[in-house]
Amino acid sequence: MASEKEIEDLIAMLDGKVAKGDGRIRVRVSEDVEAGEMVSVHHHGRCDVGSAWATGKVKNEECVDVPPLEEE
């Protein structure tokens, strides 16, 4: 069970994301991440983060109206 502090921290984190303009937020809890650590993924598009469209598994270059981001 989460403590009151953990719940307040989660609400503050979500409020911060909304205040900065994030319109969609997906929260997942994972055993693969250290306790207290947070990993964020951001996608500049209309499809869901991690979907076949967002990861490039489905190609739709003819629908894209901006140049692709260069890979780092």
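Please read these numbers as outputs of a predicted model, since none were measured by experiment.

Novice: Got a minute to help me understand the overall build of the protein in this structure?
Specialist: Along the protein, the regular secondary structure elements total 2 helices and 0 strands. For the protein, buried positions account for 4% of its 72 residues. Of the roughly 7,200 Å² that the protein leaves accessible, carbon and sulfur atoms contribute 53%.

Novice: What's the story with the environment of Leu10 in this structure? I'm lost.
Specialist: By the element assignment, Leu10 lies in helix 1 (residues 4–19). We classify Leu10 as partly exposed; its relative accessible area is 39%. Along the primary structure Leu10 and Val27 are separated by 17 residues, whereas in three dimensions their C-alpha atoms are 9.8 Å apart.

Novice: Any chance you could explain a nonpolar patch on the surface here in plain terms?
Specialist: Among the surface-exposed residues, Leu10, Val18, Ile25 and Val27 lie close enough to one another that they form a single nonpolar patch of about 320 Å² accessible area. Along the chain, the position of Ile25 falls in the loop between helix 1 and helix 2 (52–55). Of the residues examined, Ile25 reaches a relative accessible area of 36% and is grouped as partly exposed.

Novice: What's the story with the pattern of salt bridges in this structure? I'm lost.
Specialist: Oppositely charged side chains can form a pair if their charged atoms are brought close together. Overall, the coordinates contain 1 salt bridge when judged by the stated rule. The salt bridge involving Lys5 is made with Asp9; its shortest N-O contact spans 2.9 Å. Highlighted residues: Lys5 and Asp9, both in helix 1, separated by 4 residues, approximately one helical turn. For Lys5, a relative accessible area of 53% gives the class exposed. Given a relative accessible area of 40%, Asp9 falls into the partly exposed group.

Novice: Teacher, can you tell me more about the environment of Gly36 here?
Specialist: Within the secondary structure, Gly36 sits in the loop between helix 1 and helix 2. Judged by its relative accessible area of 87%, Gly36 falls in the exposed class. Residues Gly36 and Glu6, spaced 30 residues apart in sequence, show a C-alpha to C-alpha distance of 9.3 Å.

Cut-offs used in this document
- Residues numbered from 1 in each chain as written.
- Predicted model: local features only at pLDDT ≥ 70, side-chain atom pairs only at ≥ 80, totals over all residues.
- Heavy atoms only, no water.
- Helix = DSSP H or I, 4+ residues; strand = E, 2+ residues; numbered from the N terminus.
- Buried < 20%, exposed > 50% of the residue type's maximum accessible area, 1.4 Å probe, protein only.
- Areas by Shrake-Rupley, 256 points an atom, 1.4 Å probe, with all protein chains shown as cover.
- Patch = residues over 30% accessible without salt bridge, like charges linked within 9 Å, V, L, I, M, F, W, Y side chains within 5 Å.
- Salt bridge = Lys/Arg side-chain N within 4 Å of Asp/Glu carboxyl O.

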